[in-house]
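Coordinates in review
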Amino acid sequence: MTDPSLPPAPATAATAPLLRDDGSPVRVLVVDDEASLAELLRLALRYEGWDVRSAADGAEAVRVARDFAPDAVVLDVMLPDLDGLTVLGRLRRERPDVPVLFLTARDSVEDRIAGLTAGGDDYVTKPFSLEEVVARLRGLLRRARAVAPRPGSLLTVGDLVLDEDSHEVSRGGTDIHLTATEFELLRFLMRNPRRVLSKPQILDRVWSYDFGGQANVVELYISYLRRKIDAGREPMIHTRRGVGYLIKPAAPAPA
């Protein structure tokens, strides 16, 4: 594992600085009550050219987030006043789309799934490398489109439309609001229409790692998408038991 006291390697063309839509540095809030670790994270993220603020407890994190408007949050699960899941809920009430990377010493499959099902977007366990934290944050920021826009394209399956550039989704002309992870999952399905995608494939593409063979999180997020995409409509997202999931145009309504 990389020595966490060392900053990540300098950015290359493949890891060019990420910017907000207005050209300013992305903003990251680090929430951890361990001062030395928080300082290492601040140094590593500032080395990336990002604007970084920190908070030592949950109440302070909510206050800082309100003023700072972060594009992503690194959030320790164990805090002296509030647990990280409670803090996440309060952050999301004010900034529902902000991606959150949980940081914790808990490394069981159950704890990982609990963090993600509570609304977190990714999970890193201690001890960790700073390079891993930076890489995961980059992935979350790209998903959430907190970075400057790039030439995009429309994905269309039946009456469902996903704009990769603006991160807008609609079905039958009705806008659908998705979280960053829901959007990434739907995009993966829509890039592969009528193709059955297995749980391991989805975990690898959307979360970039698996959960020791347990794929409950995939089932959970598929259910989230179904409630938003298929509720009250002919279904587009289908399960092939023992194989995986696929998306295809809805069957026409009977005459």
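Each value, and the rule that gives it
- Residues numbered from 1 in each chain as written.
- Predicted model: local features only at pLDDT ≥ 70, side-chain atom pairs only at ≥ 80, totals over all residues.
- Heavy atoms only, no water.
- UniProt positions renumbered as here; feature names shortened; annotations may be inferred.
- Buried < 20%, exposed > 50% of the residue type's maximum accessible area, 1.4 Å probe, protein only.
- Contact = heavy atoms within 4.5 Å.
- Helix = DSSP H or I, 4+ residues; strand = E, 2+ residues; numbered from the N terminus.
- Pairing = 2+ DSSP bridges.
- Axes fitted to C-alpha atoms, helices over the stretch in contact; angles between N-to-C directions.
- Salt bridge = Lys/Arg side-chain N within 4 Å of Asp/Glu carboxyl O.
- Parallel < 35°, antiparallel > 145°, perpendicular 65-115°, else oblique.
- Left-handed = near helix turned anticlockwise from the far one by under 90°.
- Nonpolar A, V, L, I, M, F, W, Y, C, P; charged D, E, K, R; others polar.

Going by an unreviewed UniProt entry, the chain carries the name DNA-binding response regulator and comes from Streptosporangium nondiastaticum.

UniProt records the feature "modified residue: 4-aspartylphosphate" (unreviewed entry) at Asp76, using the numbering of this structure. Given the relative accessible area of 3%, aspartate 76 is considered buried. Apart from the residues lying within four places of it in its own chain, the contact partners of aspartate 76 are Val31, Asp32, Asp33, Gly84, Leu103, Thr104 and Lys126.

As a further point, take the environment of proline 96. Mapped onto the secondary structure, proline 96 falls in the loop between helix H3 (84-94) and strand S4 (100-104). Among the residues examined, proline 96 registers a relative accessible area of 41% and is labelled partly exposed. Residues proline 96 and threonine 179, spaced 83 residues apart in sequence, show a C-alpha to C-alpha distance of 7.7 Å.

Before going further, it helps to examine the sheet that holds strand S3 (residues 72-76). The sheet built from five strands is open, its strands ordered S2-S1-S3-S4-S5 with parallel pairing. The sheet is open, and its two borders are formed by strand S2 (51-55) and strand S5 (122-125), each paired with just one other strand. Shown here is a sheet whose adjacent strand axes are inclined to one another by a mean of 20°, direction ignored. Bridge analysis of strand S1 (residues 27-31) against S2 gives five bridges, and the strand direction is parallel. Each bridged residue has a counterpart across the sheet, and for leucine 29 the counterpart in S2 is arginine 53.

Further remarks concern the pattern of salt bridges. One pass over the structure, following the stated rule, counts 13 salt bridges. With its nearest N and O atoms 2.6 Å apart, the salt bridge here joins glutamate 184 to arginine 187. Taken as a pair, glutamate 184 and arginine 187 lie in helix H6 (residues 180-190) at a separation of three residues, close to a single helical turn. On the basis of relative accessible area, glutamate 184 is assigned to the buried category, the value being 5%. Taking the shortest distance from any N to any O, the salt bridge between glutamate 184 and arginine 205 comes out at 2.7 Å. On the criterion of sequence distance, the pair formed by glutamate 184 in helix H6 and arginine 205 in helix H7 (residues 199-207) is long-range, its members being 21 residues apart. Residue class for arginine 205 comes out partly exposed when judged on its relative accessible area of 31%. Each member of the salt-bridge network shares a partner with another, and the members are Glu164, Glu184, Arg187, Arg191 and Arg205.

The next thing to look at is the packing of H6 against H7. Contact geometry for H6 and H7: axes closest at 10 Å, N-to-C directions at 125°. Comparing the axis directions of H6 and H7 gives the class oblique. The two elements H6 and H7 cross, and the hand of that crossing is right-handed. Every residue of H7 that contacts H6 at Thr181, Glu184, Leu185 and Phe188 is listed here: Gln201, Ile202, Arg205, Val206 and Trp207. Of the residues contributing to the contact of H6 with H7, the split by class is five nonpolar, two polar and two charged.

With that out of the way, let us pick up the pairing of strand S10 (residues 237-240). In terms of strand pairing, S10 meets strand S11 (residues 244-247) through four bridges, oriented antiparallel. By the bridge assignment, threonine 239 is partnered in S11 with tyrosine 245.

Two elements in contact, H6 and helix H8 (residues 216-229), have axes separated by 10 Å at closest approach and are oriented at 85°. It follows that H6 is roughly perpendicular to H8 by the angle criterion. Across the interface between the two elements, Thr181, Glu182, Leu185, Leu186 and Leu189 of H6 pack against Tyr221, Ile222, Tyr224, Leu225, Lys228 and Ile229 of H8.

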